[in-house]
Amino acid sequence: MELIDRYIYAVTQRLPEQQRTDIKQELQGLIEDMLEERAPAGRVSQEDAESVLLELGHPSALAAQYRGFDRYLIGPMMFDPYLTTLKIVLVSIGMALTALFAIETIVKPQEILEHFTEYLVSLFSAGAQGFCWVTIVFAWIGHRQQRDAAGREGMNKDWKPADLPQIPDMNTQIKMSEPIGGIIFTVLFTVLCLYSIDLLGIWRINDGGRTVIPFLNADVFHGYLPLIWVLAALGILKESVKIIVRKRTGRMLALHILVSITSTILVCVILADSAIWNPDFIQQVEAAGLLSPVWKDYDRVISIWNGVSEWIITIIALFTVLDILSESYKWYRVKPSAG
C-alpha cells in the first residue's frame, strides 16, 4: 500500500545509505507480519495499515532506534555524506596548493626549495583546517537534526500516518555534480585568498624573470581573513546540506538564498574597502612600461582602475541575483513534488 511505502521511505531516508536496503526489507517483513495478525484472511484495510504504523511510531523515532543516533559526534546517517564532503575538500585543497606551488616555481624558479617547504607546510595546515571545518559543519547539522528529532518524538501522540510526506519525484533530486562543483570552487577561492593573493595581478616576463604586479594590498587584505573563513564555512555548509538532502525543497531553497545573500554581503564589505587595492598599482604599471600618460586611453584606464571596486561589486551582485532566480526556477518546476 502507498501509505506503507511512504512510511518505509520516511524511516530509511533517515539511515545511512549502506543500511537502507537491508532495513527496508526487514521493516517490510515486520509490517507484513503485523498486518497478518490483524487480518488473518489477507484482507488488509486502510485502518489496519494505519494501526500498524501507529504502533511502530514516528519514523524519526524508529530510525533513531536503528542507528543509535545519540552516541555519535557524526551520526551514521551523516557519516557517508561527511566522508564524501571531506574527500572532496581535501582533494581540492591538495590540487589547489599543488597548482599554486607550480605557479610560484615558474615565477621564481631560483626559490624552488623555499616554495617546496612552504608547500608542504601549507598542505598540512590547510588539510587540518579543512578537516576541522567539515567536521564542525557536520557536527552542527547533526546536532540540529538530533534536536529536531527529539522535538518530533515529543509529538508522537499527535502523529498520524496521514502526515507522512509523499515519496519525492526523481525530478527533485540534486545532481552530485552541483555540490561537488560548489565545494571545489569554495576551496579554490579560500586557498587563493589564504596563500597566494599576491598572484592576482598583471604577469610580466622580463630579463630578470617573471614578476607580478598585484591588484590587491596583501597586508590589508589579510586583515579580512576571518571573513574569508566565514565565507568558506557558509559555502561548505550549503553544499554539505545538498549532499545530505539530495533533493530540492522549500527549506533547501531558503538556505541557498540565505547563504548566497550573506556571502555576497561579506564579499562586498571586503571589496568596498579601498585600502585593500594596491595603492601603487598605476605607478608600478607605468614603471613596467605597460602604461604611459602620453597614451590616448590613459585617462580611461585610470578611470577604470578607480572604479574597479564598484564594477566588481555590481557584477557579483548581478551574478547572485541570477543564481537565486535560477535556483528558484529549478525549485518551482518541481514544487508539487518537492513540497
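Calculation notes
- Residues numbered from 1 in each chain as written.
- Predicted model: local features only at pLDDT ≥ 70, side-chain atom pairs only at ≥ 80, totals over all residues.
- Heavy atoms only, no water.
- Core = buried A, V, L, I, M, F, W, Y, C linked by side-chain atoms within 4.5 Å.
- Buried < 20%, exposed > 50% of the residue type's maximum accessible area, 1.4 Å probe, protein only.
- Helix = DSSP H or I, 4+ residues; strand = E, 2+ residues; numbered from the N terminus.
- Contact = heavy atoms within 4.5 Å.
- 1 Å grid on protein atoms, 1.4 Å probe; cavity = no way out; pocket = protein on both sides within 12 Å on 5 of 7 lines; lining within 4 Å.
- Points joined across faces, edges and corners; volume = space filled by probe spheres on them.
- Nonpolar A, V, L, I, M, F, W, Y, C, P; charged D, E, K, R; others polar.

Caption draft 1: Spatial organisation of the nonpolar core. Ranked by internal contacts, the top residues of the largest apolar core, which has 29 residues, are Val89, Leu97, Val134, Phe138 and Ile141. Elements with a contribution of two residues or more to this core: α5 (76-107), α6 (112-153), α7 (177-195) and α9 (225-245). Not counting the four nearest positions on each side in its chain, Val134 is found in contact with Tyr82, Thr85, Leu86, Val89 and Ile236. Of all hydrophobic cores here, the second largest spans 26 residues; its members include Leu266, Trp277, Tyr298 and Trp305.

Caption draft 2: Broad picture of the layout of surface pockets. As a volume, the second largest pocket reaches approximately 1,200 Å³. Lining the second largest pocket are 38 residues, with Phe185, Phe189, Val267, Ile316 and Phe319 positioned closest to its centre. Elements with a contribution of two residues or more to the lining of the second largest pocket: α7, α9, α10 (250-271) and α13 (308-333). In terms of residue count, α13 provides more of the lining of the second largest pocket than any other element does, nine residues in total. Within the lining of the second largest pocket, the residues separate by chemical class into 22 nonpolar, nine polar and seven charged.

Caption draft 3: Structural context of empty space enclosed by the protein. Taken as a whole and assessed by the stated rule, the structure comprises two cavities of 30 Å³ or more. Size it by volume and the largest cavity reaches roughly 130 Å³. Together, 15 residues line the largest cavity, and Ile93, Gly130, Val187, Thr190 and Trp229 are the ones closest to its centre. Here the lining of the largest cavity takes six residues from α7, the largest share from any one element. Among the residues forming the lining of the largest cavity, the class breakdown is 11 nonpolar, four polar and no charged. In this structure, the second largest cavity occupies an estimated 60 Å³ of space. Residue assignment for the lining of the second largest cavity shows that the elements contributing at least two residues are α10 and α13. The leading source of residues in the lining of the second largest cavity is α10, at three residues.

These values are about where atoms sit, not about what they do.
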